[in-house]
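Listed here are the chains, written in short residue letters.
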Amino acid sequence: MENKSQAPLTESQLIQIYQDLHQIPELAMQEVQTHAYLEKIIRQFDQTNLEITTPAQMPTALLVLVHGSAPKRTVGYRTDIDGLPVKEETGLPFASTHPNVMHACGHDIHMSVALGILSYFAIHQPKDNLLFFFQPAEESLNGGKTAYEKNVFTGKWRPDEFYGLHDNPDLPVGAIGCRMGTLFAGTTEVDVDFYGKGGHAAFPQDANDMVVAASQFINQVQTIVSRSVDPIEGGVITFGKFEAGTIRNVIAGRAHLEGTIRGLTQTMIEHIDQRIKEVANGIAQSYRATVEVKLNQGGYWPVENNSALTKNFISYMKQAENVQFVETQPAMTGEDFGYLLAKFPGTMFWLGVEDDSQLHSATLKPNLKAIQLGVSAITGFLLDRMNK
């Protein structure tokens, strides 16, 4: 793909970029080919006001600073770049060339939109500084949190506010969706191990059955959401993995559970975490077992939009020409941008891609008209923001 630096990327060029990126998905912290492709495209832009760096502490990340003409602030824009361990089943001519890895969450859409916006401001110098963060490891390994904790955002590379989008197959193509408050739930990954005493199935009195103990634990934790959580706020506890035993006639002395906790505020997640521990302690006493609970392995903070900035964002999108705005409800899916929004004021929003398949599906095929529509809407918002 070639681009003449005196013009922003065209819709056909953006679609070609999307197709190129779709073919090379890479897992968290392994986005070497993706990083190289992104940098190649960006270096084709006019470099007069651009500064590009790859942080040594996060070698697949990419930061691009667009120097403003009269900066009052640095406005950050984040896009995620990793794929998922999913075998693609779209049948597209530009399907993933990497076995069992796919951009099943639409990060290829996210990157294409970001490049379109960046290509505009590389030519039309903004008033404020613009910081583009191409972030690895959103799907796992907490890439946003990792970047913050490794001091990626220091000095001129530190934004005063942060924005980012996520594609949404349930919204009309090109529609912008947002809401005040929480957009995405926070998550905690939870592992629970039960230790008792194995034995012969015919002599239960001589053993301590951890299948029974773990089953009772699963039943008990269901009452946390129904009886310990404000029903207006809501929460989710799901244990999707249960491992115990080796054969039908041996009582299992160990059991292992893996699950996820979802809540709309970090306070609610921490409350559920504490109740999980309390229920586990009760099971341990009731069944004379040892129960170990491990929390926060890969957990994400809720995406809580800043009140003032989000009010301004929604106000712009509602009045902008050629933008269809949709006020959305909170989603129980997780997004690691939540951690960055806990450190920097900002807003996350949806971009409609109108597809029958859902995110993380092997058959996800976003409507590619959303790319240019997203570029236009967000570029317009950033221009408006820099005039305030």
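Residues numbered from 1 in each chain as written. Predicted model: local features only at pLDDT ≥ 70, side-chain atom pairs only at ≥ 80, totals over all residues. Heavy atoms only, no water.

J.: How should I be thinking about the sheet that holds strand E5 (residues 161-168) in this particular structure?
T.: Within a sheet, neighbouring strands are paired by backbone hydrogen bonds and run either parallel or antiparallel to one another. Sheet architecture is open: eight strands sit in the order E1-E2-E4-E3-E5-E16-E6-E15, paired in mixed fashion. Looking at the sheet topology across the chains shown, the edges are occupied by strand E1 (50-53) and strand E15 (325-327). Going across the sheet, the axis of each strand differs from the next one's by a mean of 25°, ignoring polarity. Both strand E3 (residues 74-80) and E5 contribute to a ladder of four bridges, which runs parallel. Looking across to E5, one finds that Val75 is bridged to Glu161. Across the sheet, helix H3 (residues 107-123) touches E1, strand E2 (62-66), E3, strand E4 (129-135), E5 and strand E16 (346-352), and the angle it forms with E3 is around 150°. (Pairing = 2+ DSSP bridges. Helix = DSSP H or I, 4+ residues; strand = E, 2+ residues; numbered from the N terminus. Axes fitted to C-alpha atoms, helices over the stretch in contact; angles between N-to-C directions. Contact = heavy atoms within 4.5 Å.)

J.: Where do I start with the packing of helix H1 (residues 11-22) against helix H9 (residues 369-385) in this structure?
T.: Helix packing for two helices is described by the angle between their axes and how far apart those axes are. Where H1 contacts H9, the axes come no closer than 9 Å and their chain directions differ by 120°. When you trace H1 past H9, the crossing you get is right-handed. Across the interface between the two elements, Glu11, Leu14 and Tyr18 from H1 touch Lys369, Ile371, Gln372 and Val375 from H9. A class-by-class count of the residues in the contact of H1 with H9 yields four nonpolar, one polar and two charged. (Left-handed = near helix turned anticlockwise from the far one by under 90°. Nonpolar A, V, L, I, M, F, W, Y, C, P; charged D, E, K, R; others polar.)

J.: I keep staring at unusual backbone geometry and nothing clicks. Help me out?
T.: Peptide bonds are, in most cases, trans, and in most cases residues other than glycine have a negative phi. For Ala137, which is not a glycine, the phi torsion comes out positive at approximately 60°. For Ala137, the location among the structural elements is in the loop between E4 and helix H4 (143-149). What makes Ala137 buried here is its relative accessible area of 0%. Even without being glycine, Asn142 reaches a positive phi, approximately 50°. Relative to the helices and strands, Asn142 resides in the loop between E4 and H4. Since its relative accessible area comes to 13%, Asn142 is described here as buried. (Buried < 20%, exposed > 50% of the residue type's maximum accessible area, 1.4 Å probe, protein only.)

J.: Just checking my understanding: could you explain the packing of aromatic side chains for this structure?
T.: Each aromatic ring pair is specified by the distance between its two centres and by the angle formed by the two planes. Counted under the stated rule, the structure contains 18 aromatic pairs. Here Phe133 and Phe153 contribute two aromatic rings whose centre-to-centre distance is 5.0 Å and whose plane-to-plane angle is 85°, an arrangement assigned as edge-to-face. Taken together, the residues Phe133 in strand E4 and Phe153 in the loop between H4 and E5 connect sequence positions 20 residues apart. Phe153 matches Phe133 in its accessibility class, with the two residues each being buried. With a centroid separation of 5.9 Å and an interplanar angle of 75°, the aromatic rings of Tyr148 and Phe344 are classed as edge-to-face. Taken as a pair, Tyr148 in helix H4 and Phe344 in the loop between helix H8 (337-343) and E16 lie far apart in primary sequence, 196 residues in all. Judged by relative accessible area, which is 2%, Phe344 ranks as buried. Among the aromatic side chains, those forming a connected cluster through ring pairs are Phe133, Tyr148, Phe153, Phe162, Trp301, Phe337, Tyr339 and Phe344. (Phe/Tyr/Trp six-rings, centres within 6.5 Å; stacked < 30°, edge-to-face > 60°.)

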